[in-house]
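Summary of structural features
Okay, here's what each chain looks like letter by letter:
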Amino acid sequence: MGVIVSIFLGVVPAVFYAWLIYWLDRYEKEPLLLVGGVFLWGAIVAAGGAFILNTIFGLGIFYITGSEAASNIATGSISAPLVEESLKGLAVLIVFFFFRKEFDSLLDGAVYAGVAALGFAATENSLYIYRGFESDGVSGLIFLSFIRNVMVGWQHPFYTAFIGIGLAASRLSRNALIKFGAPVAGWGLAVFTHFMHNTIALFIGDFGGLALMSMVEWTGWFFMLLLIVWFNFQERNFIKQYLKEEVDLGVITAKQYRTMTTSFSVSMARFNALTSGKFGSTNRFYQVSAELAHKKRQLKMLGEASAAPIIEKLRTELKTLSAKTVS
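To keep things clear, this report deals only with the structure shown in the data block.

Parameters and conventions
Residues numbered from 1 in each chain as written. Predicted model: local features only at pLDDT ≥ 70, side-chain atom pairs only at ≥ 80, totals over all residues. Heavy atoms only, no water. Helix = DSSP H or I, 4+ residues; strand = E, 2+ residues; numbered from the N terminus. Rg over C-alpha atoms; globule rule 2.2 N^0.38 Å. Buried < 20%, exposed > 50% of the residue type's maximum accessible area, 1.4 Å probe, protein only. Areas by Shrake-Rupley, 256 points an atom, 1.4 Å probe, with all protein chains shown as cover. Lys, Arg positive; Asp, Glu negative; His and termini not counted. Charge placed at Lys NZ, Arg CZ, Asp CG, Glu CD. Axes fitted to C-alpha atoms, helices over the stretch in contact; angles between N-to-C directions. Parallel < 35°, antiparallel > 145°, perpendicular 65-115°, else oblique. Left-handed = near helix turned anticlockwise from the far one by under 90°. Contact = heavy atoms within 4.5 Å. Nonpolar A, V, L, I, M, F, W, Y, C, P; charged D, E, K, R; others polar. Patch = residues over 30% accessible without salt bridge, like charges linked within 9 Å, V, L, I, M, F, W, Y side chains within 5 Å. Salt bridge = Lys/Arg side-chain N within 4 Å of Asp/Glu carboxyl O. 1 Å grid on protein atoms, 1.4 Å probe; cavity = no way out; pocket = protein on both sides within 12 Å on 5 of 7 lines; lining within 4 Å. Points joined across faces, edges and corners; volume = space filled by probe spheres on them.

Let us now look at the overall build of the protein. Counting its secondary structure elements, the protein contains 11 helices and 0 strands. In the protein, the order of α-helices and β-strands from amino to carboxyl end is α-α-α-α-α-α-α-α-α-α-α. Here the C-alpha atoms of the protein give a radius of gyration of 22 Å, agreeing with the 20 Å that 2.2 N^0.38 yields for 327 residues. C-alpha extents for the protein along the principal axes are approximately 75 × 45 × 30 Å. Relative to its full complement of 327 residues, the protein shows a buried share of 52%. With the model as given, the accessible surface of the protein reaches about 15,500 Å², and the carbon-plus-sulfur share is 74%. If the 26 positive side-chain charges of the protein are averaged to one point and the 22 negative ones to another, these points end up 13 Å apart.

What follows is the structure, given as structure tokens:
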């Protein structure tokens, strides 16, 4: 029973947090299959691989030094940040290379990275919570669940979001320095923030260290939340700029254009569509509209010729959906 409850308390909050990150992407949602895929990558591949590699590294340090303390410090401060951020970031890198057409904005990078990190957290938290149950029974289970899900619940998405933002910055720039430097800088920030968390835990410990970690990480996540709000604001401006032409071309109506320029209006249109039998077409219409804006921007700003046929395909779909949409 302890195993089942520990898994439940480790996985369910992580899934909820992942849904929250997904919800924060207000205009152009990422494919649920792809989002689910990066979550599972974090939970299975990244968490499993990190456990194996960190264990091997720790045993190697213990073999060399004969010191358990040295092994714990080296694993926590060196191996864990490097290995875990690299494995979590690999999920985002796969999307970056193989699902490039779904990687359109800085917000996309943050979403994929944050969700992959929460998949990792789901597995790691389940393990820690079960260890709490093993050592102190129900009280240990409850205590570790509170620590892992509340006090440091946003630690992994905070670290790994830097990798996603770095890759997205590379995706959206023609500048060679940004194109190659941003992913490295993002990975470096992810490793550094992870290193700081683990080092504080190792050397300060007790409630004081936990309180300090929580304060730093919740401050960091608040900063990341502000970035996400700014990314949404940027996306709104792209939609306003690049879809104005679609009204003149007769692809969308002026009313539909006004609706899609604020996330609240889009949400209300989707809500109203629930009772009209048009939710599917309405939801798809506003999703395609945002995708069209991104592809037009990529064609204009980045010169991506591959965006041109996608733009025409999206326009054709919008024309078909327009009459079936609640605005």
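After that view, the rundown keeps rolling.
Interaxial distance between helix H3 (residues 68-98) and helix H4 (residues 106-151) falls to 9 Å at its minimum, and their mutual angle equals 135 degrees. Judged by the angle between their axes, H3 and H4 are oblique. H3 and H4 meet at a crossing whose hand is right-handed. Contacts between H3 and H4 involve Glu-84, Lys-88, Ala-91, Val-92 and Val-95 from the former and Gly-109, Tyr-112, Ala-113, Ala-116, Ala-117, Phe-120 and Glu-124 from the latter. Residue composition of the contact of H3 with H4, grouped by class: 8 nonpolar, 1 polar and 3 charged.

This part takes up a nonpolar patch on the surface. A surface patch of nonpolar side chains, amounting to about 480 Å² of accessible area, comprises Phe-51, Ile-52, Leu-53, Ile-56 and Leu-127. The element best represented in the nonpolar patch is helix H2 (residues 32-65), accounting for 4 residues. Its location among the elements puts Phe-51 in helix H2.

Take the layout of surface pockets next. Leftover empty space is mapped by rolling, across the atoms, a probe with the size of a water molecule. What the largest pocket holds in volume is close to 1,200 Å³. Taken together, 41 residues form the lining of the largest pocket, with Glu-84, Glu-124, Tyr-128, Arg-131 and Arg-148 sitting closest to its centre. Where the lining of the largest pocket is concerned, the elements lending two or more residues are H2, H3, H4, helix H5 (155-171), helix H6 (176-203) and helix H7 (206-248). Sorting elements by how many residues they give to the lining of the largest pocket places H4 first, with 12 residues. Within the lining of the largest pocket, the residues separate by chemical class into 18 nonpolar, 17 polar and 6 charged.

We now examine empty space enclosed by the protein. A complete count under the given rule lists 1 cavity of 30 Å³ or more for this structure. Considering only enclosed or pocket space, the largest cavity measures out at about 40 Å³ in volume. Every residue lining the largest cavity is listed: Tyr-27, Ile-239, Met-260, Val-266, Arg-270, Tyr-286, Ser-289 and Ala-290. Broken down by secondary-structure element, the contributors of at least two residues to the lining of the largest cavity are helix H9 (263-273) and helix H10 (279-302). Ranked by the residues each element gives to the lining of the largest cavity, the list is headed by H10, at 3 residues. Of the residues assigned to the lining of the largest cavity, the class counts are 6 nonpolar, 1 polar and 1 charged.

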